[in-house]
2 protein chains.
Amino acid sequence: MATIRDVSRLAGVSVATVSRTLTKPDKVSQKTREKVNVAIKETNYKPDILARNFRTRKSSTVVVLVPDIANPFFSRVIRGIEQTAQKLGYAVLLGDTQGLREREITYAKMVDTSQAEGIIQLDCHIPFEDQENITAPVVNACDCVRGIEIPSVQIDNISAAKEMTEHLLSLGHKNIAVISGPEQSTITQDRLFGHINSLNDAGITFKTENVAYGDYSIQSGAKAAEKLLNISPSPTAIFCMNDEMAIGAIHYAKKKRLSVPDDISISGFDNISFAEYSDPPLTTISQPAEEFGSFAMSMLFDVMKGNELEEKYKLLPFELIKRKSTGINNHD
Amino acid sequence: MATIRDVSRLAGVSVATVSRTLTKPDKVSQKTREKVNVAIKETNYKPDILARNFRTRKSSTVVVLVPDIANPFFSRVIRGIEQTAQKLGYAVLLGDTQGLREREITYAKMVDTSQAEGIIQLDCHIPFEDQENITAPVVNACDCVRGIEIPSVQIDNISAAKEMTEHLLSLGHKNIAVISGPEQSTITQDRLFGHINSLNDAGITFKTENVAYGDYSIQSGAKAAEKLLNISPSPTAIFCMNDEMAIGAIHYAKKKRLSVPDDISISGFDNISFAEYSDPPLTTISQPAEEFGSFAMSMLFDVMKGNELEEKYKLLPFELIKRKSTGINNHD
DNA sequence: ATAAAAAATGTAATCAATTACATTTTAATT
DNA sequence: AATTAAAATGTAATTGATTACATTTTTTAT
């Protein structure tokens, strides 16, 4: 493999000039630039990025911590991250953490060893051993850690849950169940808070037993629905905190020979591609997944560069998508 | 940030000894090892991986080229890659190529610049400018390039398509349509070949107009179904080359007030998590997505190490999953 | 106790770029 | 034409680890 030295020799210039031709061509006269470029072609020289990174102390790499890459919502976020990273000249290292703190920390340490320059965390944890003392550039996307000074981009989950709940209330539902995400998750808490708020505003008392916790999988949604649809009085609507669980819930409801939405309204969250094609099509909250990723990457870029952030806690717009899985309550 | 020099000074040993303590501890006496480890803790030393990579000429990184990370099947493959990479001490760089050759080449070049040591390609292209002369370690997963010496792991797509077609034939279908993947793709060609073979074996002539090409998206499946279900005589079964397109096809069929499977049988391919929960649940071919990834990573490891591969073209088992979306033909 | 072999440690070169600083060349100004 | 300023180029140090080779220390065998 040719090195910068080989090129410099062939072109009859110093290594510094070759380096400059590559990284700041405007500092080199056109004549030399051409000579050097010819030599580069001649030798088939490719700059050794490892050496460059080492010398510049920059890896031009970010690592993304994702609880589950196979989750269609997260993978869209990652697509957004990748696209913007590419534009900004960064490579994306994948850290599938399975939600394990240990693995998050392992990946986050790549910043200490200068393998990565920054971290995008899609989960609501602080990926450091010392939670108080955050030294690495990190931003949260989708979910976030409350009360900690980590920049984040998400939607206003409280308002989104309110809007969904109000939609269900407007259809005449009074006994609304919830299939929630993991109890510790910030977005879960926010959405639950928004839900309860709306209920209170409508003069309806929230009942704890109407909440079942899932893990965002279809299976967990079906299981939660089983629990919720067998309490009495049976809820007439279920607000699910993601589309997969909603699909699982619909599946269980159908199995129980309940019609969706005639017997039970079921709503989702995220608006994944399958939502539109589920039977019935899913009423859900559309989240700008790609934009989360792309925005998070832009923010991380600023943090890494030491730029001031315009907004430290960015909220992107969401949208209530009304489809056929929710309908008028005709049971009471 | 502390360097190896700081540690050596504090521990009263040479830098070589510190380095050895870290990378080959058995070459260092226990007494010194302890001294060094104390000094490492004291100084909070973290080896600079950039420097290490540079000196050893290894990045311990592989890059995976994926046409679309948001595809649930690919994201499972990637999960498998990530898990095995982690175990083998490699980091995974994400190359979302959108199927663009240009982007594939850009990412593949990371091996030339020693940013990555190897490539896992999930598409059926050769990601190099010079197609003839492959110098970088690369393996294909899921799809593969025919007639080229690139190690690959996939299922026997011909047999899988045969099995599915035979299943449909056994249900009495004689006019079977196909919603195919992109025409240039090897797996598409293999599956079509298997399909036609089975048809021939059963004495049925294959009709070109019974094939519609999609791009693996739900939408394209729905569109293809629209085309296929409006030719006459209408097919009584559709063999789709992935689950998303099958879900799209089912959606269109229902919209046309056709019952699946009573009026039209529809089958998928991949067995993504949504297949089981679609309405009706999807008859499909289960592919071992995670194993593809994990196996591909193991193979790539061997290629990178210069080890002989046990099998250059590995076939993993698939399974026909019979569910409710296919049924007896009661139309002729 | 001594010689030989093995283990442990140290010295310093090395990897391939970038870049501060010095020097030379070119352009602009009087 | 001489002087000054600006642009272009070169020299050589630098980055932080690894490792070949040399040297010292410890262990083993006689």
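None of the values given here were measured: they were computed from a predicted structure.

Rules used throughout
- Residues numbered from 1 in each chain as written.
- Chains lettered and ligands numbered in written order.
- Predicted model: local features only at pLDDT ≥ 70, side-chain atom pairs only at ≥ 80, totals over all residues.
- Heavy atoms only, no water.
- Least-squares fit on C-alpha atoms with pLDDT ≥ 70 in both.
- Salt bridge = Lys/Arg side-chain N within 4 Å of Asp/Glu carboxyl O.
- Helix = DSSP H or I, 4+ residues; strand = E, 2+ residues; numbered from the N terminus.
- Buried < 20%, exposed > 50% of the residue type's maximum accessible area, 1.4 Å probe, protein only.
- Patch = residues over 30% accessible without salt bridge, like charges linked within 9 Å, V, L, I, M, F, W, Y side chains within 5 Å.
- Areas by Shrake-Rupley, 256 points an atom, 1.4 Å probe, with all protein chains shown as cover.
- Lys, Arg positive; Asp, Glu negative; His and termini not counted.
- Charge placed at Lys NZ, Arg CZ, Asp CG, Glu CD.
- Phe/Tyr/Trp six-rings, centres within 6.5 Å; stacked < 30°, edge-to-face > 60°.
- Lys NZ or Arg CZ within 6 Å of the ring centre and 35° of its normal.
- Near = heavy atom within 4 Å.
- Polar contact = N/O pair within 3.5 Å; in protein donor to acceptor, adjacent residues only side chain to side chain.
- Nonpolar A, V, L, I, M, F, W, Y, C, P; charged D, E, K, R; others polar.
- Pairing = 2+ DSSP bridges.
- Axes fitted to C-alpha atoms, helices over the stretch in contact; angles between N-to-C directions.
- Contact = heavy atoms within 4.5 Å.
- Expected span 1.5 Å × (residues − 1).
- Arc of directions from axis to C-beta.

## A short note on the relation of the copies chain B and chain A
Once chain B has been moved 0.0 Å along the axis and rotated by 180°, it coincides with chain A to within an RMSD of 0.0 Å. Both chain copies can therefore be described as sitting about a two-fold axis. The position closest to the rotation axis in chain B is occupied by the C-alpha of Leu93 of chain B, lying 2.3 Å away.

## Considering the pattern of salt bridges
With the rule as written, the count across this model stands at 22 salt bridges over all chains. Among the ionic pairs, Arg57 of chain A bridges to Asp48 of chain B, the shortest N-O distance being 1.9 Å. Of the two residues, Arg57 of chain A is situated in the loop between helix 4 (49-56) and strand 1 (61-66) and Asp48 of chain B in the loop between helix 3 (30-43) and helix 4 (49-56); the pairing between them involves two chains. Among the residues examined, Arg57 of chain A registers a relative accessible area of 44% and is labelled partly exposed. Between Lys109 of chain A and Glu129 of chain A there is a salt bridge, and its shortest N-O distance comes to 3.5 Å.

## Remarks on the environment of Lys174 of chain B
Within the element layout of this structure, Lys174 of chain B appears in the loop between helix 7 (157-170) and strand 6 (176-180). Residues Lys174 of chain B and Val13 of chain B, spaced 161 residues apart in sequence, show a C-alpha to C-alpha distance of 80 Å.

## Observations concerning a negative patch on the surface
A contiguous patch of negative charge on the surface is contributed by Glu163, Glu166, Asp201 and Glu319 of chain A. By the element assignment, Glu163 of chain A lies in helix 7 (residues 157-170).

## Quick look at the packing of aromatic side chains
All names here are of chain A. Using the criterion set out here, one finds ten aromatic pairs over all chains in the structure. Ring geometry for Phe73 against Phe74: centres 6.1 Å apart, planes inclined by 55°, an arrangement best described as tilted. Neither Phe73 nor Phe74 differs from the other in exposure class; each is buried. Clustering of aromatic rings is evident, with ring pairs tying together Phe73, Phe74 and Phe292. The aromatic ring of Phe269 is capped on one face by Arg191, whose charged end is 3.6 Å from the ring centroid.

## Points about the protein's contact with DNA strand D
Inspection of the region around DNA strand D gives 29 residues, with Thr32 and Arg55 of chain A together with Ile4, Ser19 and Arg55 of chain B positioned closest. The sugar-phosphate share of atoms of DNA strand D within 4 Å of the protein amounts to 58%. The contact in question runs from a base nitrogen of DNA strand D to an N or O atom on the side chain of Arg20 of chain A, over 2.8 Å. At a separation of 2.8 Å, a phosphate oxygen of DNA strand D approaches a polar side-chain atom of Ser29 of chain A. At the level of secondary structure, the elements contributing two or more residues to the surface near DNA strand D comprise helix 2 (15-23) and helix 4 of chain A together with helix 2 (15-23) and helix 4 of chain B. Element by element, the count of residues in the surface near DNA strand D is highest for helix 4 of chain B, at five residues. In terms of residue class, the surface near DNA strand D is built from eleven nonpolar, nine polar and nine charged.

## A few points about the sheet that holds strand 6 of chain B
Residue and element names in this part refer to chain B. If you trace the four strands from one edge of the open sheet to the other, you get 7-6-8-9, paired in parallel fashion. Edge strands, defined here as strands with exactly one partner in the open sheet, are strand 7 (211-213) and strand 9 (265-267). Put simply, the sheet's adjacent strands are angled 15° from each other on average, direction ignored. Packing against the sheet, helix 8 (residues 186-201) makes contact with strand 6, strand 7 and strand 8 (237-240), and its axis sits at approximately 175° to strand 6. Helix 10 (residues 243-255) contacts strand 6, strand 8 and strand 9 of the sheet and is inclined by roughly 160° relative to strand 9.

## With respect to helix 7 of chain A
All names here are of chain A. Between the first and last C-alpha of helix 7 there are 20 Å, a value that for 14 residues agrees with the 20 Å anticipated at 1.5 Å per step. Residues of helix 7 that are buried include every one of Asn157, Ala160, Ala161, Met164, Thr165, His167, Leu168 and Leu169, and no others. Between the side-chain oxygen of the N-cap and the backbone nitrogen of Ile158 there are 3.2 Å, and the N-cap of helix 7 in question is Asp156. Looking one or two residues past helix 7, Gly172 carries a phi angle of roughly 95°, positive in sign.

## Here we look at helix 1 (residues 4-11) of chain A
All names here are of chain A. Inspection of helix 1 places Val7, Ser8 and Ala11 among the buried residues, and these make up the whole buried set. On an axial view of helix 1, the arc spanned by its buried residues comes to 100°, and they lie on one face. Tucked inside the fold, the buried residues of helix 1 contact helix 2 and helix 3 (30-43). Directly after helix 1, the chain includes Gly12, whose backbone phi takes a positive value near 70°.

## Looking at unusual backbone geometry
A cis geometry characterises the amide bond from Ser232 of chain A onward to Pro233 of chain A, with omega recorded as 5°. With a phi angle near 75°, Cys142 of chain A is a residue other than glycine that sits in the positive phi range.

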